[in-house]
Amino acid sequence: MMKISKLLCAFTASIAMLTAVMPAAHAADNVIRVGTDATFPPMEFVKDGKRTGFDIELIEALAKTMGKKVQWVDIDFKGLIPGLISNRFDIAASAIYMTDERRKVVNFSDPYYRGGLAVLVRRDDTSIKVPDDLNKGKRVSVQVGTKSVSYLKDNYPGVERVEVEKNQAMFDLLATGRVNAVVTGRPAAVEYARTQPLVRVLDKGLTTELYGYAMRKGDTELAEQLNKALQTLRVNGTYTALTDKWFGKSE
């Protein structure tokens, strides 16, 4: 009887512990899981062991406006869309261009920033003055999974592409002279050139495009909430404050 009594006490204690943590399951309803590749300053990057950047702060502000908290999921850029579709997270936020190809498999929020592909070269390289010069057999570094890869394939057949996994690796190859140029998003190119005087961004860009936050096709309610929150931040000045902080004062 003593053993049975002890077992019952242990069972009762276990039930009590489970009951105590049950509210945490409901708390998940107020959490948005957001996937990002935090290697693309000033959009998203890690500084002093903490994620920061325009996308990071904008998502946090959007979530707060929606009455939710953010659970960040770190993932390589090429895994963002597959990870989103497989339900690893609810939103992909990592300076993603809203391309027709991506629209086939995911939905996007309203555009939240205008960007485009730009060319970054060494300042002492006078052989590349305009993007067309890349077609003269230049070695150009691009990040796997980004639009830079397909854009060069389709429009610059004379380029020798050097595909790398990480954004920083592109810049490292340029800095050490192992490639002639980098093709990446203009915000990241401008930010890198600002901190590295040995490189420059070509005045003429390759494209002008819009960034959007990606969501699964069926998550229409989440998309509506996100777009409503984005409009709120535009009206109350939060959006302008963030763009001024990360990209300089609006012209």
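Our subject in this report is the structure included herewith. (Residues numbered from 1 in each chain as written. Predicted model: local features only at pLDDT ≥ 70, side-chain atom pairs only at ≥ 80, totals over all residues. Heavy atoms only, no water.)

Considering the side chain of Thr 243
Item 1. Tracing the chain through its elements places Thr 243 in helix α9 (residues 238-247).
Item 2. Taking relative accessible area as the criterion, Thr 243 reaches 8% and is therefore assigned buried.
Item 3. Side-chain polar atoms of Thr 243 contact the backbone oxygen of Thr 240, separated by 2.9 Å. (Helix = DSSP H or I, 4+ residues; strand = E, 2+ residues; numbered from the N terminus. Buried < 20%, exposed > 50% of the residue type's maximum accessible area, 1.4 Å probe, protein only. Polar contact = N/O pair within 3.5 Å; in protein donor to acceptor, adjacent residues only side chain to side chain.)

Some words on the environment of Arg 178
Item 1. By secondary structure assignment, the location of Arg 178 is in the loop between α6 (167-175) and β11 (181-185).
Item 2. Separated by 39 residues in sequence, Arg 178 and Arg 139 place their C-alpha atoms 8.0 Å apart.
Item 3. Those residues within four positions of Arg 178 in sequence are excluded, and the remaining contacts are Arg 139, Asp 172 and Leu 173. (Contact = heavy atoms within 4.5 Å.)

Observations regarding the sheet that holds strand β6 (residues 107-108)
Item 1. Ordered in space as β4-β1-β5-β14-β6, the five strands form an open sheet in which the pairing is mixed. The outermost strands of the open sheet, each flanked by one partner alone, are β4 (69-74) and β6.
Item 2. In this structure, strand β1 (residues 31-36) lies alongside β4, joined through six bridges in parallel fashion. Among the inter-strand pairings, Thr 36 is bridged to a residue of β4, identified as Asp 74. (Pairing = 2+ DSSP bridges.)

Comments concerning the sheet that holds strand β8 (residues 117-122)
Item 1. Strand order in the open sheet formed by five strands is β10-β9-β11-β8-β12, with mixed pairing between adjacent strands. The open sheet terminates on both sides in strands that have one partner only, identified here as β10 (160-164) and β12 (199-201). Between one strand and the next, the sheet's axes are offset by a mean angle of 30 degrees, whatever the strand orientation.
Item 2. Where β8 and β12 come together, three bridges link them in antiparallel fashion. Within the sheet, the bridge partner assigned to Arg 122 lies in β12 and is Val 199. (Axes fitted to C-alpha atoms, helices over the stretch in contact; angles between N-to-C directions.)

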